[in-house]
Amino acid sequence: MVAFCMKRQIRILGIDDAPFTFNDDITSIIGVVMRGGEYLECVLRRQITIDGTEATNVVIEMIRQTRHRPQVKTIMLDGVTLGGFNIVDIIKIYETTKIPVITITRDKPDPVKSNKHS
């Protein structure tokens, strides 16, 4: 087991998509750099295609272009898709930026339910 010590005021980049309908062609993705959960450093915005294939590259460019990049210690995503089924390759993001990526899933996966749709 590895123990990590982090400063209380680390900067985290949280990324999620904006509300959209499946009649839309594009949606925004919003990145928010927070320091210690108490201070908003910046808000970033980009656009992606609904059910497209470019989310990974757009996220990477979002990270590369922010002046806060050197201080960001982790990236958090709400799941591994943005804009419908525009899949985010978290391994590629980590390999490109060297920033750890954490994905959050609201609901516990249900393998029984998933197998019914196969």
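Residues numbered from 1 in each chain as written. Predicted model: local features only at pLDDT ≥ 70, side-chain atom pairs only at ≥ 80, totals over all residues. Heavy atoms only, no water.

> Just checking my understanding: could you explain the environment of Asp-16 for this structure?
By the secondary structure assignment, Asp-16 is in strand 1 (residues 11-17). Judged by relative accessible area, Asp-16 falls into the partly exposed class, the value being 28%. Linking Asp-16 and Met-76, residues 60 residues apart in sequence, is a C-alpha distance of 8.7 Å. Discounting residues that sit within four places of it in the chain, Asp-16 has contacts with Ser-28, Ile-29, Ile-30, Asp-78, Leu-82 and Arg-106. (Helix = DSSP H or I, 4+ residues; strand = E, 2+ residues; numbered from the N terminus. Buried < 20%, exposed > 50% of the residue type's maximum accessible area, 1.4 Å probe, protein only. Contact = heavy atoms within 4.5 Å.)

> Honestly, the packing of aromatic side chains in this entry has me stumped. Any pointers?
Ring pairs (aromatic) are described by centroid distance and by the angle formed between their planes. The final tally for this structure, using the stated rule, is 1 aromatic pair. The cationic tip of Lys-98 hangs over the ring face of Tyr-94; the distance from NZ or CZ to the ring centre is 5.9 Å. (Phe/Tyr/Trp six-rings, centres within 6.5 Å; stacked < 30°, edge-to-face > 60°. Lys NZ or Arg CZ within 6 Å of the ring centre and 35° of its normal.)

> It is not clear to me how the pairing of strand 1 should be interpreted in this structure. Could you clarify?
Within a regular strand, side chains alternate between the sheet's two faces. Taken together, the 7 bridges between strand 1 and strand 2 (residues 26-35) define a ladder with antiparallel strand orientation. By the bridge assignment, Ile-12 is partnered in strand 2 with Met-34. Here strand 1 runs beside strand 4 (residues 72-78); their pairing, made up of 5 bridges, is parallel. Each bridged residue has a counterpart across the sheet, and for Gly-14 the counterpart in strand 4 is Met-76. (Pairing = 2+ DSSP bridges.)

> Whenever I open this one, the pattern of salt bridges confuses me. Can you help?
Any two side chains of opposite charge can pair, on the condition that their charged atoms come close. Per the stated rule, a full pass over the model turns up 4 salt bridges. The closest approach of N and O atoms between Arg-64 and Glu-61, which form a salt bridge, is 3.0 Å. On the criterion of helical spacing, the pair formed by Arg-64 and Glu-61 is a turn pair, its members being 3 residues apart in helix 1 (residues 55-65). In this structure Glu-61 comes out as partly exposed when scored by relative accessible area, which is 31%. The closest approach of N and O atoms between Arg-106 and Asp-78, which form a salt bridge, is 2.8 Å. Taken together, the residues Arg-106 in the loop between strand 7 (101-104) and helix 3 (111-116) and Asp-78 in strand 4 connect sequence positions 28 residues apart. Judged by relative accessible area, Asp-78 falls into the partly exposed class, the value being 26%. The structure contains a network of salt bridges with shared partners spanning Arg-11, Arg-35 and Glu-41. (Salt bridge = Lys/Arg side-chain N within 4 Å of Asp/Glu carboxyl O.)

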